[in-house]
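One-letter residues, chain by chain:
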Amino acid sequence: MSIDKATVEKIARLARLRVPEERMMPIAGDLNRILNWIEELNEVPTDGVEPLASVTGHKLPMRRDEISDGDIQEKVLANAPEEASGFFVVPKVVE
Amino acid sequence: MSNLVTGRTGEWEVVIGMEVHAQVSSQSKLFSGAPTRFGADPNQNVSLVDAAMPGMLPVINEECVRQAIRTGLGLNAQINTYSVFDRKNYFYADLPQGYQISQFKHPIVGEGAITIDLKDGSSIEIGIERLHLEQDAGKSMHDQHPSKSYIDLNRSGVALMEIVSKPDIRSAEQAGAYMKKLRSIVRYLGTCDGNMEEGSMRADVNVSVRRPGDELGTRTETKNLNSVRFIMQAIDYEVQRQIEILEDGGQIDQETRLFDTNTGITRAMRGKEDAHDYRYFPDPDLLPLEFTDEFVSALQAELPELPDQIRARLIGDYGLSSYDAAVITEEKETAAFYEAAAEGRDKKLVANWMTVELFGALNKAGKSLGDSPVSPHQLGGLVGLISDGTISGRIAKDVFAEMMETSKDAAVIIEEKGLKQVSDSGAIEALIDQVLADNQDKVDEYRGGKDKLFGFFVGQTMKLSKGQANPAMVNDLLKSKLG
């Protein structure tokens, strides 16, 4: 698998990252080196080995269905660029 | 019954698959302890997890897991004791995480099937592809300000079950019946309140058309339909639109469409070329969801009776008609009302009084069963008094009308108004003697061979008794007297 400039542009757009033109090729090179390194792992035989989700042997912890949070509008809105009547206010996002 | 649609150039088959989002009934959210209660102030039901503050970690709500499994069992589906949460990545103002936690490759529930009932009395099976757990997003309001959108994250992180059907649905009617059946099942189970107006259940419909026997056509997806009527309207519109395009030699674009509830038409959402590039990957904040077969069996053992089972019992054990049984079991509350009213009574008579008299009267009064002035016990009481001959069916209608007005017991009304059926043969004979004496001419005609007059004598006797004479006894005694 090889990452070209068009793929970098696409990934950047999907991630909403602005990448300057002169950084496109260097990033493509970096990503390719990372992928090549990961591909080395393909040399390890893994037939019949279950995917490992956790090295600790822990199971997914669950909580009881109880209300233990919320009612902190001020904290939730503390970083809002703008607010009105308890809502976040953002530039219009509908067409 | 054929479901083919006739166009200008021949017949078309409609193929529909549905994705239904059902909000899980739980106190708190899927991955946080914030409440799910409807109608709170904006951003009141939001924790720092739901607002996606850096460093916050999701912890799964065990009740949501149980509810998803119970729903899967109600859909006769495969329960997967190993499932995985993935991140579905996209950007929108009401999705603070920048991804929705969902399940992609390994959903908690796999294939199943439900039976739907159609107007012509037939039943068909609709396959279930899967059910998975996921987070709801927040709510955006675009009509508060000319250049701004207002965001409320109260719904952000609320648990949803996405129930995906197989493309087994062939008409708008079937789609409507499928939605109603799903709603009925989750409400019996108590896993979702089924309240479509509040958005607790909503559907995306995938529609395509093809010539019978052809490969599947290109489909469109119409999103966010929140009533059975809108689902059916959107499908009807989409089918006609696609057939017209194809018959004019055009082709269907695979796209997402929105339904305008005012005009009843669908329109394409404007272009988002990357919209479907969600780059799913397993959520590194969450281990796989695992539970034992015993856990599932315990939930299975505690499942309530579901509508199909109750219906089979009403038909098989109680002898109700398939129609009455379907009417009574569609809503959980109706079935519970019926069962309470029919306890120890004539089952068919109770069904009849409930579906005809009670529903008719409630309908007329603009009331729902929940506001019924007549309780299940009272309806059962009335039917009991008919069964044991205390009142006739005709008097019972007057008593019932009075019960609707006053919420009094039937026995009380009968006592107060002296409506008790007269079954004393001496009293009835006296009435008959008077009727015959008053109508000597008719008696002669009857004896002269005019048999039809018998009904006249019955009518007159009943009238004289103010409807209280036992009709069977009036018949018998009249016959012997006129002999």
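This is a predicted model, so every value here is computed, not measured.

Reading the values: rules and limits
Residues numbered from 1 in each chain as written. Chains lettered and ligands numbered in written order. Predicted model: local features only at pLDDT ≥ 70, side-chain atom pairs only at ≥ 80, totals over all residues. Helix = DSSP H or I, 4+ residues; strand = E, 2+ residues; numbered from the N terminus. Rg over C-alpha atoms; globule rule 2.2 N^0.38 Å. Buried ≥ 20, exposed ≤ 12 C-beta atoms within 10 Å, placed from the backbone. Contact = placed C-beta atoms within 7 Å. Nonpolar A, V, L, I, M, F, W, Y, C, P; charged D, E, K, R; others polar. Axes fitted to C-alpha atoms, helices over the stretch in contact; angles between N-to-C directions. Parallel < 35°, antiparallel > 145°, perpendicular 65-115°, else oblique. Pairing = 2+ DSSP bridges. Domains from an automatic or database assignment. Expected span 1.5 Å × (residues − 1). Bend = angle between axes of the 7 residues up to and from the residue. Core = buried A, V, L, I, M, F, W, Y, C linked by C-beta atoms within 7 Å. pLDDT = per-residue confidence, 0-100.

Moving on, we get to the overall build of chain A. A tally of regular secondary structure across chain A gives three helices and three strands. In terms of C-alpha radius of gyration, chain A reaches 22 Å, well past the compact-globule figure of 12 Å for 95 residues. C-alpha atoms of chain A, sized along the principal axes, occupy 55 × 45 × 25 Å. Per-residue burial over chain A gives 6% buried out of 95 residues.

Another aspect to go through is the interface of chain A and chain B. Facing 35 residues of chain A, the contacting portion of chain B comprises 42 residues. Of all the elements, strand β3 (residues 87-91) of chain A adds the most residues to the side of chain A that touches chain B, at five residues. Considering only residue class, the side of chain A that touches chain B consists of 16 nonpolar, seven polar and 12 charged.

Residue and element names in this part refer to chain B. For the pair helix α9 (residues 376-387) and helix α11 (residues 410-417), interaxial distance at closest approach is 8 Å and the crossing angle is 55 degrees. Comparing the axis directions of α9 and α11 gives the class oblique. Contacts from Q378, G381, L382 and L385 in α9 reach A410, A411 and I414 in α11. Counted by class, the contact of α9 with α11 contains five nonpolar, two polar and no charged residues.

The next thing to look at is the environment of I67 of chain A. Following the sequence through the fold, I67 of chain A ends up in the loop between β1 (62-63) and α3 (73-77). As for I67 of chain A and M24 of chain A, which are separated by 43 residues in sequence, their C-alpha atoms are 47 Å apart. Not counting residues within four places of it along the chain, the set of residues in contact with I67 of chain A comprises Q27, S28, G33 and P35 of chain B.

Let us now look at the sheet that holds strand β5 (residues 86-89) of chain B. All names here are of chain B. Taken in spatial order, the three strands make up an open sheet running β6-β5-β16, and their pairing is antiparallel. Each edge of the open sheet carries a strand with a single partner, namely β6 (99-102) and β16 (281-282). As paired strands, β5 and β6 are joined by four bridges and run antiparallel to one another. Of the residues in β6, the one forming a bridge with D86 is S102.

For β5 of chain B and β16 of chain B, the ladder comprises two bridges, and the chain directions are antiparallel. The partner of R87 of chain B across the bridge, within β16 of chain B, is F281 of chain B.

To continue, consider the sheet that holds strand β10 (residues 148-152) of chain B. The four strands are arranged β2(A)-β3(A)-β10(B)-β9(B) in an open sheet whose pairing can be described as antiparallel. Two strands bound the open sheet, and with one partner strand each, they are β2 (83-84) of chain A together with β9 (139-141) of chain B. Strand direction decides the pairing type here: β9 of chain B and β10 of chain B, joined by three bridges, are antiparallel. Residue pairing across strands places M141 of chain B opposite Y150 of chain B, the latter belonging to β10 of chain B.

Further remarks concern the domain arrangement of chain B. Residues and elements named next belong to chain B. Partitioning chain B into domains gives domain 1 (5-297), domain 2 (305-417) and domain 3 (425-482). If you average the C-alpha positions of domain 2 and of domain 3, the two centres end up 33 Å apart. Counting residues at the interface gives four residues for domain 2 and four residues for domain 3. Partitioned by chemical class, the residues of the side of domain 2 that touches domain 3 number one nonpolar, two polar and one charged.

A word on the pairing of strand β12 (residues 201-210) of chain B. Residue and element names in this part refer to chain B. Burial within β12 is extensive, with seven of its 10 residues counted as buried. Pairing between strand β2 (residues 11-23) and β12: 10 bridges, direction antiparallel. If you follow V20 over to β12, its bridge partner there is A203. Across four bridges, the pairing between β12 and strand β13 (residues 220-225) is antiparallel. Across the sheet, N206 pairs through a bridge with E221, a residue of β13.

Positive phi is not limited to glycine here, since D71 of chain A has a value of about 55 degrees. Mapped onto the secondary structure, D71 of chain A falls in the loop between β1 and α3. Non-glycine residue N224 of chain B carries a positive phi angle of around 60 degrees. The topology assignment puts N224 of chain B in strand β13.

With that settled, the discussion passes to helix α8 (residues 347-365) of chain B. Residues and elements named next belong to chain B. Over its 19 residues, α8 extends 25 Å from the first C-alpha to the last, a length consistent with the 27 Å expected when each residue adds 1.5 Å. Roughly 30 degrees is the biggest bend found in α8, and it falls at M354. What α8 keeps buried is the set K347, V350, A351, W353, M354 and L358. In this structure, the buried residues of α8 make contact with α6 (322-329), α7 (332-342) and α9. Residue G366 follows α8 closely and has a positive phi angle near 65 degrees.

So, about the nonpolar core. All names here are of chain B. Within the largest apolar cluster, 62 residues are counted, with the highest numbers of intra-cluster contacts made by A68, L131, A175, Y178, V205, I231 and I235. Here the element with the most residues in this core is helix α2 (residues 172-189); it accounts for nine residues. Excluding anything up to four places from it in sequence, A175 contacts I16, M18, I169, V205, I231, M232 and I235. Grouped together as the second largest cluster of nonpolar side chains are 31 residues, L314, I328, A342 and A410 included.

For the rest of this paragraph, the subject is the confidence of the model for chain B. Averaged over chain B, the pLDDT score is 93; the fraction of residues at 70 or greater is 99%. For this predicted complex, the interface confidence comes out at an ipTM of 0.90, alongside a pTM of 0.84.

So, on to the environment of L349 of chain B. All names here are of chain B. You can see L349 is positioned in helix α8. Considering only alpha carbons, one finds L349 and G384, 35 residues apart in sequence, at a separation of 9.4 Å. Beyond its immediate sequence surroundings of up to four residues, L349 is in contact with V383, I386 and S387.

The residue Q300 of chain B is located in helix α4 (residues 293-301) in this model. Taking the C-alpha atoms as reference points, Q300 of chain B and K452 of chain B, 152 residues apart in sequence, are found 63 Å from one another.

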